[in-house]
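Listed below, chain by chain, are the residues.
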Amino acid sequence: MHRHDNPRAIIALKGGTLTVVSDAGEQRDMTWETGRAYWLDADPPGELHGDVNRGSEPVEVIVVQLKGVGGASDTP
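No experiment lies behind these values; they were computed from the predicted model shown.

Let us now look at the pairing of strand β1 (residues 8–14). When β1 meets strand β4 (residues 37–40), the two strands line up antiparallel, connected through four bridges. By the bridge assignment, arginine 8 is partnered in β4 with leucine 40.

Among the structural elements, aspartate 5 can be located in the segment before β1. The class for aspartate 5 is partly exposed, based on a relative accessible area of 34%. Aspartate 5 sits eleven residues away from glycine 16 along the chain, and the two C-alpha atoms are 24 Å apart. Side chain to side chain, aspartate 5 and arginine 3 meet in a polar contact 2.5 Å long.

About the thresholds
Residues numbered from 1 in each chain as written. Predicted model: local features only at pLDDT ≥ 70, side-chain atom pairs only at ≥ 80, totals over all residues. Heavy atoms only, no water. Pairing = 2+ DSSP bridges. Helix = DSSP H or I, 4+ residues; strand = E, 2+ residues; numbered from the N terminus. Buried < 20%, exposed > 50% of the residue type's maximum accessible area, 1.4 Å probe, protein only. Polar contact = N/O pair within 3.5 Å; in protein donor to acceptor, adjacent residues only side chain to side chain.

This is a description of form; function is not addressed.
Listed below in structure tokens is the structure:
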């Protein structure tokens, strides 16, 4: 389990579907298309999640977190 305290860009090098599982047990599928970029806001405070690849092929993404932009690091 982990979290993202800052907003981030996701760049899909090899797309696919990941199931995002929260620490409360909630699940949602996120599909990344090869060659596309996505924007995700910071995670809600205190929320953790894990990413599960239930497919037979790897999913490869680059995650770029933007520190100091709308996240926890903005708070003095």
